[in-house]
Amino acid sequence: MTQKVPFKALAFSFTDRAHGRMTVRMKHLEGEEAPAAAAGDPYLLHIEQGPAERTVVKFDKGASLDTASGLCTQLLEAGVFSWDETFPDDPTVGPSRWMLNIVLEPGVFEVHVRGGSMYPQGFDAMMEAFYGLGLPRPEEAGSQRQGFSGMPFAGAGGLGAFNPAALQGLFDQMQRMMGSSGAGGAGLEEFQMVMRDIQKNPQRMQELMRSEFRSMPAEQRNAMLDMLAATGLGTRDWWERFFLG
């Protein structure tokens, strides 16, 4: 039985000051004359990595259908097929530029995403998949930043791990918003207590936040989503997916 081709082509590129420049391209060779580097495999994998101004690592090699299928599964679990088309820069982090194009069936199912340093949920998981193909990790080339996700709860294929820096930024901005709206006293103290609880047990707080949100009437849900989106840490759609899955 012939194994199904998981995708026709994939292209990823990334550039910023901290991580340098990275490129991953993977192309199915059906109907084409296979280059020597493919060594008889159905896919040709091309990888580049290095500082923004020059290439340090560059190679081409063949990739099997199993490798392509495994990569497609990892990207599916990371959630890349449900990402928005564009993502802005996070002003607290600095600019970056990245692009991901996946062609599963030309003209039928294609994914085209580009963005800045406000990385979508699952970005780190996607990068792990590319590292598994042979892309060198940025820290191996001297980078001080080892992760990408800018969302408060960032992890592989779900809401996973706690991102302290992003969550701190979220709460700082929400606290300023509360102060400017006149909220204070007991309400502000309660807000600070919630933040401390989240830092101690983020997984439990994720579950409580979801449960509380789902119990709200529609009007309160919409107000909450608008407030969270106004912080700049995640779009309204991202927060809705966070609460409702």
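As shown above, the structure is provided for reference.
Residues numbered from 1 in each chain as written. Predicted model: local features only at pLDDT ≥ 70, side-chain atom pairs only at ≥ 80, totals over all residues. Heavy atoms only, no water.

1. Section: the packing of helix 1 (residues 65–78) against helix 2 (residues 123–132)
The cut-off we apply is this: For helices, the fitted line uses only the C-alpha atoms of the stretch in contact; every axis is such a line through C-alpha atoms, and the angle between N-to-C directions lies from 0 to 180 degrees. Going along the chain from the N terminus, every DSSP run of H or I of four or more residues is numbered as a helix, and every run of E of two or more is numbered as a strand. Here the angle decides the label: under 35 degrees means roughly parallel, over 145 means roughly antiparallel, 65 to 115 means roughly perpendicular, and every other value means oblique. With the far helix as reference, a near helix turned anticlockwise by less than a right angle produces a left-handed crossing, and one turned clockwise produces a right-handed crossing. Throughout, a contact is declared for two residues whenever any of their heavy atoms are within 4.5 Å. Three classes are used, and their members are as follows: Ala, Val, Leu, Ile, Met, Phe, Trp, Tyr, Cys and Pro are nonpolar, Asp, Glu, Lys and Arg are charged, and the others, Gly among them, are polar.
With their axes 8 Å apart at the nearest point, helix 1 and helix 2 run at an angle of 170° to one another. In terms of orientation, helix 1 lies roughly antiparallel with respect to helix 2. Between helix 1 and helix 2 lies a crossing whose hand is right-handed. On the side of helix 1, the interface is formed by Leu71, Gln74, Leu75 and Ala78, while helix 2 contributes Ala125, Met126, Ala129 and Phe130. Residues that form the contact of helix 1 with helix 2 fall into these classes: 7 nonpolar, 1 polar and no charged.

2. Focus on the pairing of strand 6 (residues 97–105)
Put simply, side chains in a regular strand alternate between the two faces of the sheet. What counts, and what does not: Between any two strands, at least two bridges found by DSSP are needed for them to pair.
Pairing of strand 1 (residues 9–16) with strand 6, which is carried by 7 bridges, proceeds in the antiparallel orientation. When the sheet's bridge partners are listed, Ala11 is paired in strand 6 with Asn101. With antiparallel pairing between neighbouring strands as the criterion, strand 6 and strand 7 (residues 109–115) make up a hairpin whose turn holds 3 residues, including Gly107 at a positive phi of roughly 75°.

3. Side note on the packing of aromatic side chains
Definition in use: Ring geometry is summarised as follows: Phe, Tyr and Trp rings, the Trp one being its six-membered ring, pair when their centres sit within 6.5 Å, and such pairs are stacked at plane angles under 30 degrees, edge-to-face over 60 and tilted between the two. For every residue, the accessible area obtained with a 1.4 Å probe (protein chains only) is divided by the maximum for its type, and the residue is called buried under 20%, exposed over 50%, and partly exposed between those limits.
Per the stated rule, a full pass over the model turns up 12 aromatic pairs. Centroid distance Tyr119 to Phe123: 4.7 Å. Interplanar angle 35°. Geometry classified as tilted. Look at Tyr119 and you get buried, because its relative accessible area is 0%. What makes Phe123 buried here is its relative accessible area of 0%. Taken together through their ring pairs, the aromatic side chains of Phe12, Phe14, Trp83, Phe87, Trp98, Tyr119, Phe123 and Phe130 make up a single cluster.

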